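Coordinate inspection notes
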Amino acid sequence: MLLFQVGDFYELFSDDARRASNLLNITLTRKTKAKAGMSRERDALDIMCGFPLSSLNTYVEKLVRQHGEKVAICNQVESALAAKQRGGVGMDSLVQRQVVRVVTPGSLTEDSMLLPTQNNYLASISKEPGQATCHIAYTDISTGEFVVLTVHMDDVDSELTRLQPSELLVPAQDDVAKAQDSTWWRQRLENAMNALGTVVTFRQQGSVEFANSGASVAAASMIHEYLAYTHVGTPSSHSHACKPSSDVRQLVGRMRFDVSVWRSLELTKVTSLGYNVIGL
């Protein structure tokens, strides 16, 4: 969803407006009265809804935390007076705007949207075709924790159940569909979305900078680059702190529970989006 700043309000348009109106219980309006002969495209863009700037965190929290939406915030970067003084004709005369933040379930840093007793993990999975092991990287950017695990492919569901990530990054959808082990990928994604309520996001496996560095670095680089994308307008250390390295934590000397044990011991509880850890 795109939140578009218009003066003292954030506005949503077209399909975004319809969905937000339903999820947030706010009224749909029109910029102009519907007219006979108006094109379907123009009619769709005419539909809008919005809320005051002061209510941003309240509504974004509902969209992201309660409904698993991803929200792009587009702010005015100059005043209407500055735009007028700048001059210009047509599009050049509009107030300049810029996307300053993409808010997603796994990239939250706002205290008002985080639970004080629970980690908010962003995780990623990378696997080399034909290999029995894969790599899970995860971070909680509100605490600075960042880990890369090497696990057997049969243990991925158990690790995700333990972590309960709010968002899971996986290779691009076309890459997964064409992969040699596409059935394995499909089962992992179904478990993450249906059993855990995790939001799944498809991403490219890292840039040229991290190419040919192995699956562990590929998993880490997905997180590194995703945080740079979501915090595009915020110069910060979030993405720098998660810059990939070759250090990988092995799962040694730990008792590990599979998915059925986690549920049998009632270590999780069901929320509107899925399971959240309340034990251990």
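As a convention, each chain's residues are numbered from 1 in the sequence order in which they are written. Per-residue local features of the predicted model are confined to residues with pLDDT of at least 70, and side-chain atom pairs are confined, for both listing and counting, to 80 or more; whole-chain, interface and lining totals are unaffected and use all residues. Side-chain metrics rest on all non-hydrogen atoms present in the structure, leaving aside hydrogens and water.

As annotated in an unreviewed UniProt entry, the protein carries the name DNA mismatch repair protein MutS-like N-terminal domain-containing protein and comes from Aphanomyces astaci.

Side note on the overall build of the protein
Applied cut-off: For the purposes of this entry, the term helix denotes a DSSP run of H or I that reaches at least four residues, the term strand denotes a run of E that reaches at least two, and both are numbered from the N terminus. In this scheme, a residue with accessible area under 20% of its type's maximum is buried, one over 50% is exposed, and one in between is partly exposed, where area comes from a 1.4 Å probe on protein chains only. The contact rule is simple, with two residues in contact once any of their heavy atoms fall within 4.5 Å. Values of accessible area rely on a 1.4 Å probe in the Shrake-Rupley scheme; residue burial ignores everything except the protein chains shown.
The number of helices and strands found in the protein is ten helices and 14 strands. Classification of the 280 residues of the protein by burial places 45% in the buried group. Taking contacts inside the protein between residues at least 6 apart in sequence as the whole, the part at least 24 apart equals 61%. Total accessible area on the protein is roughly 14,900 Å²; 50% of this is exposed by carbon and sulfur atoms.

Describing the sheet that holds strand 2 (residues 9-13)
Cut-off, in case you're wondering: By the convention used here, strands pair only if DSSP detects at least 2 bridges between them.
Pairing is mixed across the open sheet formed by six strands, whose spatial order is 3-4-2-1-5-6. Two strands in the sheet have a free side with no partner beyond their single neighbour: strand 3 (29-30) and strand 6 (97-103). As judged from the five bridges shared by strand 2 and strand 4 (residues 47-52), these two strands associate in the antiparallel manner. Among the inter-strand pairings, F13 is bridged to a residue of strand 4, identified as M48.

Concerning the pattern of salt bridges
Test applied: By salt bridge we mean one thing: a side-chain nitrogen of Lys or Arg within 4 Å of a carboxyl oxygen of Asp or Glu.
One pass over the full model with this rule turns up six salt bridges. Linking R101 and E110 is a salt bridge whose minimum nitrogen-to-oxygen distance equals 3.4 Å. A salt bridge links E159 to R162; the nearest nitrogen and oxygen atoms lie 2.8 Å apart. Residue E159 and its partner R162 are both found in helix 5 (residues 156-163); the two are separated by three residues, about one turn of the helix.

A short note on the nonpolar core
Where we set the bar: Each nonpolar core is a collection of buried residues, namely Ala, Val, Leu, Ile, Met, Phe, Trp, Tyr and Cys, held together in the definition by side-chain atoms within 4.5 Å.
Core analysis: the biggest nonpolar cluster contains 23 residues, and L3, L12, F51, L56, V60, V71 and I73 have the highest contact counts within it. Of all the elements in the fold, those that place two or more residues in this core are strand 2, helix 1 (14-24), strand 4, helix 3 (56-66) and strand 5 (71-76). At five residues, the largest contribution of residues to this core is made by helix 3. Counting residues in each nonpolar core, the second largest holds 22 residues, with I125, C134, M153 and W184 among its members.

Examining the environment of A215
Note that A215 resides in helix 8 (residues 215-230). Distance from A215 to S126, taken between C-alpha atoms, is 5.5 Å for residues 89 residues apart in sequence. The contacts of A215, once residues within four sequence positions are left out, are S126, E128 and H135.

Regarding helix 3
Condition: It is the directions from the helix axis to the C-beta atoms whose arc is reported.
When we look at burial in helix 3, the residues that qualify are L56, Y59, V60, L63 and V64. One side of helix 3 holds all its buried residues, which, seen down the axis, span an arc of 120°. Those residues of helix 3 that are buried are in contact with strand 1 (2-6), strand 2, helix 1, strand 4, strand 5 and strand 6. Just downstream of helix 3, G68 is the residue with a positive phi angle, here 70°.

A short note on the side chain of D157
Relative to the helices and strands, D157 is located in helix 5. With a relative accessible area of 16%, D157 lands in the buried category.

Here we look at unusual backbone geometry
The backbone phi angle of N25 is positive, close to 60°, even though this residue is not glycine. One can find N25 in the loop between helix 1 and strand 3. In the Ramachandran plot, Q164 falls in the positive-phi region, its phi being about 50° despite a non-glycine side chain. Among the structural elements, Q164 can be located in the loop between helix 5 and strand 10 (167-171).

Brief notes about the pairing of strand 8 (residues 133-140)
Most of strand 8 sits inside the fold, with seven of its eight residues counted as buried. Looking at chain direction, strand 7 (residues 122-126) and strand 8 are connected through five bridges and run antiparallel. Opposite I125, over in strand 8, you have I136 as the bridge partner. Following strand 7, the chain reverses through six residues before pairing antiparallel with strand 8; G130 in that reversal takes a positive phi of roughly 80°. Sheet topology places strand 8 next to strand 9 (residues 145-152); eight bridges connect them, and they run antiparallel. Pairing of A137 across the sheet is with V148, part of strand 9. The antiparallel hairpin formed by strand 8 and strand 9 contains four residues in its connecting segment, where G144 sits at a positive phi of about 90°.

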